[in-house]
Amino acid sequence: MSNTKPVEMEKLVSLCRRRGFLFQSSEIYGGLNGFWDYGPLGVELKRNVKEAWWRDMVTSHNELLQPAGAPRPFEMVGLDCTIIMHPQVWKCSGHYDLFHDYMVDCRESKKRYRHDQVRGRWVEAKEQRVFVATGAEADHEAEDLQQRALKFFDYRAKNADQLKWDGEVVSLTTVKDFSQVLGPDAKALGTLTEPREFNLMFKTYVGALSGEEGMAFLRPETAQGIFVNFKNVLDSTRVGVPFGIAQVGKSFRNEITPRNFTFRSREFEQMEIEFFCHPSESHAWYKYWRDRRFAWYTSLGLAGERLRLRDHDAEELSHYSTGTADIEYAFPFLPPGEFGELEGIAHRGDFDLRSHSEGKLDPKTRPLAVELGPDGKPKHRGSGKDLSYRDEASGERYIPHVIEPSAGADRATLAFLCEAYCEDEAPDENGKMQSRVVMKFHPRIAPIKAAVFPLVKKDGMPEVAQQLYAGLKRHFNVFYDEKGAVGRRYRRQDEAGTPYCITIDGQTLQDQSVTIRDRDTLEQWRVKLDACVDELKARLE
């Protein structure tokens, strides 16, 4: 199912809007940067991605069996926690102090940029060497850099050979002297400020108090709701370590410069697992979840050289982590050879449970100890609750270590969109080969599972088609279409990513059989009307 040639991002964005996968939020008012709405097809696609994740990770998990690669059998349960939580949660988790990006402001354009997302290139002309920065997407970086350099040095296009470029396009983080930087939207040098911290959490207020007393935050991740409910889950269920708690839900990050379609948004949805295990088995569980989560993406059609599993270097690791791997995808909006994160699998140790019990841990200490304030007391006080676990069989009491597979539902949906987009040729209703756009989604996540067509709107065919449609509707999300030539109806469903089209024709009226057409192979075969449900069930798995 994997395509060898990456899609051009402009074509995919156009298709998403035209066919109702994605819309800019509040578009009629000019849109709101960093926020996206899922249209009729997009909401089905994203819902299917989330449901496939939940089914594969939670509801279909058999706790009586030991999965391949797992140290032992384990249990899985779910949670759905609130978006707004007690402010102390974010102080003990480290988000209040540490959850920030560095930003730079432009004094001329009054715009703000994330320091590590501004890219540019050194160029020399007229005995002056400057760093020309750009905010353009990867596909247009080179063009934008040249145009901006020509304009700055007062050259015309014919003088492009007078520009002496030095090195490749690099991040602004490599530049020490900002006085020689031409900002992404500036006309003069030295307009960018030095980088400064910017907290990414959205503030809000609970109740009637609008001051510090009523301040709260929209959660920047779903994980902390799981940690603060660890004891509740233990006390209300019969689960025992090892076990996992899964959650799907919205998170919010006040990104400085959201970009690249839905890849970096301010409102997004996460699919996270916090897996609790004995410290002595934690590294084996980390490897299990790392490999299992990578296999999940390949099973749904993300395969080949555009998907990779990358272990973090030591300097990349979070202060609490003893091991982290990213599942990454080569999104088409990134420069060639670069990958974007789909999911992170982190070995978090006992950082979270200890922090919420004892108080925020100091990342500079080894082993980790509670961070103290000037008064010698914990800087951010924990709950004081005992979040340890007692093994009933051995009597051992310990704080479990945690393995966290954290996936983005929106990023996964975007990756599936990118991978599915394909342009090829298929015969029209007259047998003539025509170019077509087809979304080759894995059947499990396809927004529409099948479409039902009467070949013509007469001779009783619509009545039979509508009866079949009603029967299929009880099992799948299906679509009915009787408008236009059947070839054009096929094309519409190919763009929607519908795996199968079912046509009622003259032969149906004679022997109660229908034609099923495969989206990818264009193969057609006949099936009895009363066998359509079973036929689709077998193929959609």
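Structural data are supplied above this passage.
Analysis parameters
Residues numbered from 1 in each chain as written. Predicted model: local features only at pLDDT ≥ 70, side-chain atom pairs only at ≥ 80, totals over all residues. Heavy atoms only, no water. Pairing = 2+ DSSP bridges. Helix = DSSP H or I, 4+ residues; strand = E, 2+ residues; numbered from the N terminus. Contact = heavy atoms within 4.5 Å. Axes fitted to C-alpha atoms, helices over the stretch in contact; angles between N-to-C directions. Buried < 20%, exposed > 50% of the residue type's maximum accessible area, 1.4 Å probe, protein only. Parallel < 35°, antiparallel > 145°, perpendicular 65-115°, else oblique. Nonpolar A, V, L, I, M, F, W, Y, C, P; charged D, E, K, R; others polar. Salt bridge = Lys/Arg side-chain N within 4 Å of Asp/Glu carboxyl O. 1 Å grid on protein atoms, 1.4 Å probe; cavity = no way out; pocket = protein on both sides within 12 Å on 5 of 7 lines; lining within 4 Å. Points joined across faces, edges and corners; volume = space filled by probe spheres on them. Core = buried A, V, L, I, M, F, W, Y, C linked by side-chain atoms within 4.5 Å. Phe/Tyr/Trp six-rings, centres within 6.5 Å; stacked < 30°, edge-to-face > 60°. Lys NZ or Arg CZ within 6 Å of the ring centre and 35° of its normal.

### As for the sheet that holds strand β6 (residues 119-125)
Sheet strands line up and pair through hydrogen bonds in the backbone, either parallel or antiparallel.
Next, step 1: The strand order across the open sheet formed by 4 strands is β8-β6-β7-β9, and the pairing between neighbours is mixed. Single-partner strands in this sheet number two, and they are β8 (164-171) and β9 (181-182).
Next, step 2: Looking at chain direction, β6 and strand β7 (residues 128-134) are connected through 7 bridges and run antiparallel. For glycine 120, the partnering residue across the bridge sits in β7 and is alanine 133.
Next, step 3: Sitting on the sheet, helix α5 (residues 141-152) is in contact with β6, β7, β8 and β9, with an inclination near 135° to β7.

### Topic: the pairing of strand β16 (residues 323-329)
Next, step 1: Where burial is concerned, most of β16 is hidden: 7 out of the 7 residues are buried.
Next, step 2: Residues Gly323, Ala325, Ile327 and Tyr329 line one face of β16 and the alternating positions Thr324, Asp326 and Glu328 line the opposite face, and both faces are buried.
Next, step 3: The sheet contact formed by strand β15 (residues 307-311) and β16 spans 5 bridges and is antiparallel. Counterpart to leucine 309 in the pairing with β16 is isoleucine 327.
Next, step 4: By the bridge criterion, 7 bridges tie β16 to strand β17 (residues 340-349) in an arrangement that is antiparallel. Opposite glutamate 328, over in β17, you have glutamate 341 as the bridge partner.

### Examining the sheet that holds strand β10 (residues 196-199)
Next, step 1: Spatially, 3 strands are ordered β5-β4-β10 in an open sheet, and the strand pairing comes out antiparallel. Looking at strand neighbours, the two that pair on one side only are β5 (112-114) and β10, the edges of this open sheet. Between one strand axis and the next, the sheet turns through 50° on average, direction left out of account.
Next, step 2: In terms of strand pairing, strand β4 (residues 100-105) meets β5 through 3 bridges, oriented antiparallel.

### Structural notes on the packing of helix α1 (residues 9-18) against helix α10 (residues 409-420)
Next, step 1: Two elements in contact, α1 and α10, have axes whose closest approach is 11 Å; the angle formed by their N-to-C orientations is 110°. Considering the angle they form, α1 stands roughly perpendicular to α10. On α10, the residues touching Met9, Leu12 and Cys16 of α1 are Leu414, Leu417 and Cys418.
Next, step 2: Partitioned by chemical class, the residues of the contact of α1 with α10 number 6 nonpolar, no polar and no charged.

### A closer look at the pattern of salt bridges
Next, step 1: Following the criterion strictly, the structure yields 41 salt bridges and no others.
Next, step 2: In this structure, the salt-bridge partner of lysine 50 is glutamate 269, at a minimum N-O distance of 3.1 Å. One end of the pair, lysine 50, is in helix α2 (residues 40-59); the other, glutamate 269, is in strand β14 (residues 267-277), with 219 residues separating them in the sequence.
Next, step 3: The partner of glutamate 255 in a salt bridge is arginine 264, with the nearest N and O atoms 3.7 Å apart.
Next, step 4: Taking the relative accessible area as the measure of exposure, glutamate 255 reaches 6% and is therefore buried.
Next, step 5: Connected through shared salt-bridge partners, Lys46, Lys50, Glu269 and Asp410 make up one network.

### Digging into empty space enclosed by the protein
Next, step 1: Counted under the stated rule, the structure contains 1 cavity of 30 Å³ or more.
Next, step 2: Within this model, the largest cavity holds a volume of roughly 40 Å³.
Next, step 3: In terms of lining residues, the largest cavity is bounded by 10 residues, among which Leu300, Phe416, Lys440, Phe441 and His442 are the most central.
Next, step 4: Its residues placed into classes, the lining of the largest cavity shows 6 nonpolar, 2 polar and 2 charged.

### Describing the nonpolar core
Most often, soluble globular proteins have nonpolar side chains that are buried together.
Next, step 1: Counting residues in hydrophobic clusters, the biggest one holds 61 residues, and the most contacted among them are Trp289, Tyr297 and Phe331.
Next, step 2: In terms of residue count, α10 provides more of this core than any other element does, 8 residues in total.
Next, step 3: Discounting chain neighbours no more than four positions away, the residues touching phenylalanine 331 are Phe263, Gly340, Leu342, Arg411, Leu414, Ala415 and Cys418.
Next, step 4: Listed in part, the 21 residues of the second largest apolar core include Leu468, Phe476, Ile502 and Val514.

### Quick look at the environment of glycine 301
Next, step 1: Relative to the helices and strands, glycine 301 resides in the loop between α8 (282-299) and β15.
Next, step 2: Given a relative accessible area of 13%, glycine 301 falls into the buried group.
Next, step 3: In the structure, glycine 301 is positioned 141 residues away from histidine 442 in sequence and 6.0 Å away in space, judged by C-alpha atoms.

### Thoughts on unusual backbone geometry
Next, step 1: The amide bond that connects valine 241 to the next residue, proline 242, takes the cis arrangement and shows omega of 5°.
Next, step 2: On the secondary structure map, proline 242 appears in the loop between α7 (230-236) and β13 (243-252).
Next, step 3: Here the amide bond leading from arginine 366 into proline 367 is cis, since omega sits at 0°, within 30 degrees of zero.
Next, step 4: Examined against the element boundaries, proline 367 turns out to sit in the loop between β18 (361-362) and β19 (369-370).
Next, step 5: The phi torsion at lysine 110 lies on the positive side, around 65°, for a residue other than glycine.
Next, step 6: Locating lysine 110 in the fold gives a position in the loop between β4 and β5.
Next, step 7: On the basis of relative accessible area, lysine 110 is assigned to the exposed category, the value being 68%.
Next, step 8: Although it is not a glycine, phenylalanine 261 adopts a positive phi angle of roughly 60°.

### Topic: the environment of valine 181
Next, step 1: In this structure, valine 181 sits in strand β9.
Next, step 2: The buried category is assigned to valine 181, whose relative accessible area is 0%.
Next, step 3: Remark: the alpha-carbon pair of valine 181 and valine 464, spanning 283 residues in sequence, is separated by 69 Å.
Next, step 4: Residues contacting valine 181, with those up to four places away along its chain left out, are Phe131, Leu172, Val175, Ala188, Leu189, Gly190, Thr191 and Leu192.

### Observations concerning the pairing of strand β27 (residues 500-504)
Next, step 1: Within β27, 5 of the 5 residues are buried, leaving the element largely enclosed by the surrounding structure.
Next, step 2: With burial as the criterion, each face of β27 is covered, one bearing Tyr500, Ile502 and Ile504 and the other bearing Cys501 and Thr503.
Next, step 3: Of the pairings in the sheet, the one linking strand β25 (residues 450-454) to β27 comprises 5 bridges and is parallel in character. The residue of β27 that forms the bridge with alanine 451 is cysteine 501.

### Focus on the packing of aromatic side chains
Next, step 1: Within the structure shown, the criterion is met by 28 aromatic pairs.
Next, step 2: Taken together, a centroid distance of 6.1 Å and an interplanar angle of 70° make the contact between tyrosine 96 and phenylalanine 217 edge-to-face. A residue pair is termed long-range when its members are at least 10 positions apart, and tyrosine 96 in helix α4 (residues 95-98) and phenylalanine 217 in strand β12 (residues 215-217) qualify at 121 residues.
Next, step 3: The class of tyrosine 96 is partly exposed, set by a relative accessible area of 30%.
Next, step 4: When the ring of phenylalanine 227 is compared with that of phenylalanine 276, the centres are 6.3 Å apart and the planes differ by 90°; the resulting orientation is edge-to-face. Of this pair, phenylalanine 227 sits in helix α6 (residues 223-228) while phenylalanine 276 sits in strand β14, and the two are 49 residues apart along the sequence.
Next, step 5: Taking the relative accessible area as the measure of exposure, phenylalanine 276 reaches 0% and is therefore buried.
Next, step 6: Counting every residue linked through ring pairs, the aromatic cluster contains Phe74, Phe275, Trp285, Tyr288 and Trp289.
Next, step 7: The ring of phenylalanine 263 has arginine 411 lying over it, and the distance from NZ or CZ to the ring centre is 3.8 Å.

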